[in-house]
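The primary structure of each chain is shown beneath.
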Amino acid sequence: VMLINAEQTKTIEHMNEKIDTNEIDRLRWEIISFANSLRNDDGQSATLEGYNHVFDAYGKYEKLLETLGRKNGKIDNEYAYIKIMYNEFSKNYSK
């Protein structure tokens, strides 16, 4: 059995923090990018799968922020815009 010393534990915690920060940044950019693509073509190229994916990404983003005790505030407007566009999309999708 291998024991981990305090320095190794600190290094692992630091690496985990960096991984979590990178994942938050990646998810944030994915959501922002999707919102930008909706703006660029007024949502014409959006698909149900694309919306579902970004909704899942947002859920992961929020859960990760909550787990780490961090606050959102960087993508609130982007996500609100995505939901507005989804409401329009779903009206046409169900026809």
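Reading guide: rules and limits
Residues numbered from 1 in each chain as written. Predicted model: local features only at pLDDT ≥ 70, side-chain atom pairs only at ≥ 80, totals over all residues. Heavy atoms only, no water. Helix = DSSP H or I, 4+ residues; strand = E, 2+ residues; numbered from the N terminus. Rg over C-alpha atoms; globule rule 2.2 N^0.38 Å. Buried < 20%, exposed > 50% of the residue type's maximum accessible area, 1.4 Å probe, protein only. Axes fitted to C-alpha atoms, helices over the stretch in contact; angles between N-to-C directions. Parallel < 35°, antiparallel > 145°, perpendicular 65-115°, else oblique. Left-handed = near helix turned anticlockwise from the far one by under 90°. Contact = heavy atoms within 4.5 Å. Nonpolar A, V, L, I, M, F, W, Y, C, P; charged D, E, K, R; others polar.

Things to note about the overall build of the protein
Counting its regular elements, the protein contains three helices and zero strands. Along the protein, from the amino end to the carboxyl end, the secondary structure elements read α-α-α. In terms of C-alpha radius of gyration, the protein reaches 18 Å, well past the compact-globule figure of 12 Å for 95 residues. Along the longest, intermediate and shortest principal axes, the C-alpha atoms of the protein span 60 × 25 × 20 Å. Within the protein, buried positions represent 26% of all 95 residues.

So, the packing of helix H1 (residues 6–41) against helix H3 (residues 76–93)
Between H1 and H3, the shortest axis-to-axis distance is 9 Å and the interhelical angle comes to 50°. When the interaxial angle is binned, H1 and H3 end up oblique. Along this stretch, H1 crosses H3, giving a crossing that reads as left-handed. Across the interface between the two elements, Ile-31, Ile-32, Phe-34, Ala-35, Asn-36, Leu-38 and Arg-39 of H1 pack against Glu-78, Tyr-81, Ile-82 and Met-85 of H3. Here the contact of H1 with H3 is built from residues that sort into eight nonpolar, one polar and two charged.

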